[in-house]
Amino acid sequence: MIEIHVGSSPGVFLVYSADDSIALRSKHRIVSSYLGTLAAFPSQNRHLALPSLLSVEQVFALLSNGDAMLIDDVRSHALLAEPGDFNPVELERHVSEKLRYFQQRREDAFAAKAILKELHMRDRSGKSSETISLQNASPSTKPTHPQKSSTAVSSLLKDSIHKRMPQQTAKKIQHPDLQQSPLVAVSTASDTLPWYNPTPVLMTTTRPSEDDILQMLGVPAHENSTTLSKCKIFVNLWERGYYLTSAIKYGGDFLLYPGDPLLHHASHVVVCVPLGTRMTPFDIVAYARMGRNAKKKILLMQYDPEIDTVSEMVLNWTGWK
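Counting from 1, residues in each chain are numbered in the order their sequence is written. In keeping with the predicted nature of the model, local features appear solely for residues at pLDDT of at least 70, side-chain atom pairs appear and are counted solely at 80 or more, and the whole-chain, interface and lining totals rest on all residues. Just so you know, side-chain values use all the structure's heavy atoms and leave hydrogens and water out.

(A) Region of interest: the packing of helix 2 (residues 56-64) against helix 9 (residues 224-239). Where helix 2 contacts helix 9, the axes come no closer than 9 Å and their chain directions differ by 65 degrees. Note that helix 2 runs across helix 9; the crossing there is right-handed. Contacts between helix 2 and helix 9 pair Val56, Glu57, Gln58, Phe60, Ala61 and Ser64 from the former with Thr227, Leu228, Lys230, Cys231, Phe234, Val235 and Trp238 from the latter. For this scheme, ten residues count as nonpolar: Ala, Val, Leu, Ile, Met, Phe, Trp, Tyr, Cys and Pro. Four count as charged, namely Asp, Glu, Lys and Arg, and the remainder, Gly too, count as polar. Along the lines of polarity and charge, the residues of the contact of helix 2 with helix 9 split into eight nonpolar, three polar and two charged. The angle between two axes is taken between their N-to-C directions and runs from 0 to 180 degrees, where each axis is a line fitted to C-alpha atoms and a helix contributes only its stretch in contact. Helical segments are the DSSP runs of H or I of at least four residues, strand segments are the runs of E of at least two, and each set is numbered from the N terminus. Handedness of a crossing is defined here by the sense of rotation of the near helix relative to the far one, left-handed for an anticlockwise turn of less than a right angle and right-handed for a clockwise turn. Only heavy atoms enter the contact rule, under which two residues are in contact if any of them lie within 4.5 Å.

(B) Here's a closer look at the sheet that holds strand 3 (residues 33-37). Should DSSP find at least two bridges between two strands, the strands are regarded as paired. Spatially, 3-4-2-1-5 is the arrangement adopted by the five strands of the open sheet, whose pairing is mixed. Strands with a single pairing partner mark the edges of an open sheet, and in this sheet they are strand 3 and strand 5 (68-72). Between one strand and the next, the sheet's axes are offset by a mean angle of 40 degrees, whatever the strand orientation.

(C) Quick peek at the pattern of salt bridges. Each salt bridge in this description consists of a side-chain nitrogen of Lys or Arg and a carboxyl oxygen of Asp or Glu lying within 4 Å of one another. Under the defined criterion, the tally for this structure stands at six salt bridges. Note that aspartate 260 and arginine 25 form a salt bridge whose closest N and O atoms lie 3.0 Å from each other. Of the two residues, aspartate 260 sits in the loop between strand 7 (254-257) and strand 8 (268-272) while arginine 25 sits in helix 1 (residues 18-26), which places them 235 residues apart along the sequence. Exposed residues in this analysis have more than 50% of their type's maximum accessible area, buried residues have under 20%, and partly exposed residues fall in between, with area computed by a 1.4 Å probe over protein chains only. According to the relative accessible area criterion, aspartate 260 is buried, its value standing at 17%. Here lysine 232 and aspartate 308 are joined by a salt bridge, their closest N and O atoms 3.8 Å apart. Taken as a pair, lysine 232 in helix 9 and aspartate 308 in the loop between strand 9 (297-304) and strand 10 (309-315) lie far apart in primary sequence, 76 residues in all. Of the residues examined, aspartate 308 reaches a relative accessible area of 46% and is grouped as partly exposed. It is possible to trace a salt-bridge network through shared partners that takes in Glu210, Lys232 and Asp308.

(D) Highlighting the sheet that holds strand 8. Taken in spatial order, the five strands of this open sheet run 6-7-8-9-10, and their pairing is mixed. Two strands bound the open sheet, and with one partner strand each, they are strand 6 (243-246) and strand 10. Each strand of the sheet is rotated relative to its neighbour by a mean of 30 degrees, with strand direction disregarded. Sheet topology places strand 6 next to strand 7; four bridges connect them, and they run antiparallel.

(E) Molecular detail of the packing of aromatic side chains. Note on ring pairs: Phe, Tyr and Trp rings are taken, using the six-membered ring of Trp, and paired if centres are within 6.5 Å. Classes follow the plane angle, with under 30 degrees stacked, over 60 edge-to-face and the rest tilted. Within the structure shown, the criterion is met by one aromatic pair. Seen in terms of ring centroids, phenylalanine 234 and phenylalanine 254 are 5.5 Å apart; in terms of plane orientation they differ by 65 degrees. Their pairing is edge-to-face. Taken together, the residues phenylalanine 234 in helix 9 and phenylalanine 254 in strand 7 connect sequence positions 20 residues apart. For the pair phenylalanine 234 and phenylalanine 254, a shared accessibility class is recorded, and that class is buried.

(F) Representation of the nonpolar core within the structure. In terms of nonpolar packing, the biggest core is built from 35 residues, with Ile4, Leu54 and Leu217 touching the most fellow members. Those residues in contact with isoleucine 4 that sit more than four places away from it in its chain are Phe13, Leu14, Val15, Leu54, Val59, Leu62, Ala68, Met69, Leu70 and Ile71. Definition used in this section: a nonpolar core is a set of buried Ala, Val, Leu, Ile, Met, Phe, Trp, Tyr and Cys residues joined via side-chain atoms within 4.5 Å. Ranked by size, the runner-up nonpolar core spans 13 residues in total, among them Val31, Met290, Ile298 and Leu300.

(G) Structural view of the side chain of aspartate 67. Position of aspartate 67 relative to the elements: it lies in the loop between helix 2 and strand 5. Charge assignment in this entry is limited to Lys and Arg as positive and Asp and Glu as negative, and neither His nor the chain termini are counted. Salt bridges are absent for the buried aspartate 67, whose nearest opposite-charge side chain, lysine 27, sits at 6.5 Å. The contacts of aspartate 67, once residues within four sequence positions are left out, are Met1, Ile2, His28, Leu62 and Trp238.

(H) Layout of the environment of leucine 315. Counting through the fold element by element, leucine 315 comes out in strand 10. Relative accessible area serves as the criterion here: at 12%, leucine 315 is assigned to the buried category. Once the C-alpha coordinates of leucine 315 and leucine 300 are considered, the two residues, 15 residues apart in sequence, prove to be 7.7 Å apart. Here leucine 315 is in contact with Ile284, Tyr287, Ala288, Lys297, Ile298 and Leu300, once residues within four sequence places are set aside.

This is how it looks when you write it as structure tokens:
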């Protein structure tokens, strides 16, 4: 069962486990948004990592289907909740292991920096090591074609790296090339912590009801009807085999994909219309023009709680005829 963690911030639902994140997309067709940064490249936001963020509708669909469990992170990490079950020795051992790990990472970083500094050192004449190697090379090894000069410099630089690298640091850094990046594994889940005890938000052995799910999600009472309507529409499309993501940049509620978003383009922009809303012809034209600008069809959907059904209507701008 997938563990979805909720902390002190309301409406923030995170998945820390890599296996759960893969199962969400491959098995349950839930596309989450990654928030974390890569350990080797923390100063960029082009490629993100765990944890992943889920929307209210996605969590509602998983909980109503019995595929996930909502974990209260505040109570799961409470050290003083049951003092008899917590051993301070375990905390000291865990902290010492983490300190040794980061100290080793620090030593490896200094060793890599020393190697790179040695590679960029210049001799007394101000010429780099690769330039001297090219001048001293025999005519048969000198590059004769302009396009092959960069390849020759790269190969000579690579050879000089392996010759000048100290043997002790060579065991720690197998590929000290500038184009290579060290692999850093960072544990995002709390399973290894000795004081961690995953505690569900709602202790129940049966599948929770819709009211219980909305209460667990922290939805305010005055927003229950609006949130339940969007969740029901999401579940209706999700159970029909579609992938759904947020459509806030298009002015809608969901983007509808016929398959995985990595392989397919979104075909529809889903707009959730509250029950009892009177739509004017101007509204219909506005939605149709929005779909035309996005190059997608508009899917207007409405949920009726009295008969528990979802109605839909498709708008497609075809131009003036």
